[in-house]
Amino acid sequence: YTVQKSEERDFLTIARRKGSLKVAGYNSFETCKKDDTQPDCVRQGCQNPKCKVWGHFYDTIYQRRLGHLSTYNTEPFQFLEIDFDEGKILEAYMEWLPKAEVHNMEISCLPPGPRDEGKWPYRNHAARNPLYSTLIKQKLLHCGDASDVNWLHQIWTNEINRKNAPSLNVVVDDG
């Protein structure tokens with residue numbers, strides 16, 4: 001299968017292949033339709049039966065709103081998502097958006113230690129991604145607290161709003 005320059009790439013296919021949580025709802029959807037008592041079918045506090053399946057179905061909105069950016073003939077641009085977690089979605093974005101410079105912000109890759117010292121007291125989920133070190137060296141994975149306005153300004157000024165950099169066209173806050 002060859003993708004034409006003007007053809008939109010399919011977010012669902014790519015995100016499922018990468019194992020992204022953005023489309024994880026599909027993993028249990030058919031099972032839940034048959035038996036909604038399974039663990040992945042009963043989300044805590046869910047009152048609407050149509051929303052019981054654990055996982056997301058973000059592909060429809062991503063494809064509708066951002067699909068035009070998934071073609072090979074779009075202009076280069078920057079894409080930023082807040083929340084890297086284990087980076088499966090970053091890998092999906094990199095494949096889905098061939099002209100995008102994909103950035104990610106993640107709090108769990110701060111140095112270990114107390115939060116009141118600007119560190120992270122829990123597990124570093126991001127380090128599980130095989131591209132982790134490379135993405136940090138390439139200044140595409142930014143380790144910090146996206147609720148810190150000073151840190152955001154520093155990343156914007158030094159890493160994203162660089163001279164001759166493509167424009168930042170999309171920001172997804174999933175943090």
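A quick note: this is a predicted structure, and the numbers were derived from the prediction, not measured.

*Asks:* Go over the state of the cysteines with me, naming the residues and quoting the values.
*Replies:* This model, assessed by the stated rule, comprises one disulfide. Across the disulfide from Cys109 sits Cys143; the S-S distance is 2.1 Å. Because the torsion about its S-S bond is -110°, the bridge between Cys109 and Cys143 counts as left-handed. Of this pair, Cys109 sits in the loop between β2 (100-106) and α5 (132-137) while Cys143 sits in strand β3 (residues 141-143); the two residues are 34 residues apart in sequence, bridging distant segments of the chain.

*Asks:* Describe in detail helix α2 (residues 25-34), supporting the description with residues and values.
*Replies:* Inspection of α2 places Gly25, Ser28 and Cys32 among the buried residues, and these make up the whole buried set. Projected down its long axis, α2 shows its buried positions confined to an angular sector of 90°, all on one face. Projecting away from the buried face of α2 at angles above 90 degrees are the exposed residues Asn27, Lys33 and Lys34.

*Asks:* Outline the pairing of strand β1 (residues 77-82), listing residues and values.
*Replies:* Note on strand geometry: in a regular strand, side chains alternate between the two faces of the sheet. By the criterion of burial, β1 is predominantly enclosed, with six of the six residues buried. Burial of the side chains of β1 extends over both faces: Phe77, Phe79 and Glu81 are buried on one face and Gln78, Leu80 and Ile82 on the other. Strand direction decides the pairing type here: β1 and β2, joined by six bridges, are parallel. Paired with Ile82 across the two strands is Met105, which belongs to β2. The parallel pair β1 and β2 is bridged by helix α4 (residues 88-96), and the resulting crossover is right-handed. Two strands pair when backbone bridges link them, and β1 and strand β4 (residues 168-173) are joined in this way by five bridges, in the parallel orientation. The residue of β4 that forms the bridge with Gln78 is Leu168.

*Asks:* Help me get a handle on unusual backbone geometry, residues and values and all.
*Replies:* Located in the positive-phi region is Asp85, a residue other than glycine, with phi close to 50°. Considering the arrangement of structural elements, one finds Asp85 in the loop between β1 and α4. In the Ramachandran plot, Asn164 falls in the positive-phi region, its phi being about 65° despite a non-glycine side chain. Since its relative accessible area comes to 74%, Asn164 is described here as exposed.

*Asks:* Can you break down the nonpolar core residue by residue, with the values?
*Replies:* With 26 residues, the main nonpolar core has Phe11, Phe79, Tyr93, Trp96 and Leu97 as its most contacted residues. Elements represented by at least two residues in this core include exactly α1 (11-18), α3 (59-66), β1, α4, β2, α5 and β4. The leading source of residues in this core is α4, at five residues. Setting aside anything within four residues of it in sequence, one finds Tyr93 in contact with Phe11, Lys22, Tyr62, Phe79, Glu81, Val102 and Val172. Grouped together as the second largest cluster of nonpolar side chains are six residues, Leu80, Trp151, Ile155 and Ile160 included.

*Asks:* Got a sec to walk through the pattern of salt bridges? Specific residues and values, please.
*Replies:* Under the defined criterion, the tally for this structure stands at nine salt bridges. Here Arg17 makes a salt bridge to Glu95, at a shortest N to O gap of 2.9 Å. Of this pair, Arg17 sits in helix α1 while Glu95 sits in helix α4, placing them 78 residues apart in sequence. When its relative accessible area of 23% is taken as the criterion, Glu95 is described as partly exposed. Between Arg128 and Glu86 there is a salt bridge whose closest N-O contact spans 3.0 Å. In this pair, Arg128 sits in the loop between β2 and α5 while Glu86 sits in the loop between β1 and α4, placing the two residues 42 residues apart along the sequence. In the salt-bridge network here, residues are joined through shared partners; they are Arg9, Arg17, Lys18 and Glu95.

Conventions and cut-offs
- Residues numbered from 1 in each chain as written.
- Predicted model: local features only at pLDDT ≥ 70, side-chain atom pairs only at ≥ 80, totals over all residues.
- Heavy atoms only, no water.
- Disulfide = S-S within 2.5 Å.
- Helix = DSSP H or I, 4+ residues; strand = E, 2+ residues; numbered from the N terminus.
- Buried < 20%, exposed > 50% of the residue type's maximum accessible area, 1.4 Å probe, protein only.
- Arc of directions from axis to C-beta.
- Pairing = 2+ DSSP bridges.
- Right-handed = clockwise from strand over helix to strand, strands pointing away.
- Core = buried A, V, L, I, M, F, W, Y, C linked by side-chain atoms within 4.5 Å.
- Contact = heavy atoms within 4.5 Å.
- Salt bridge = Lys/Arg side-chain N within 4 Å of Asp/Glu carboxyl O.

From the geometry alone we can't say anything about function, so treat these as descriptive.
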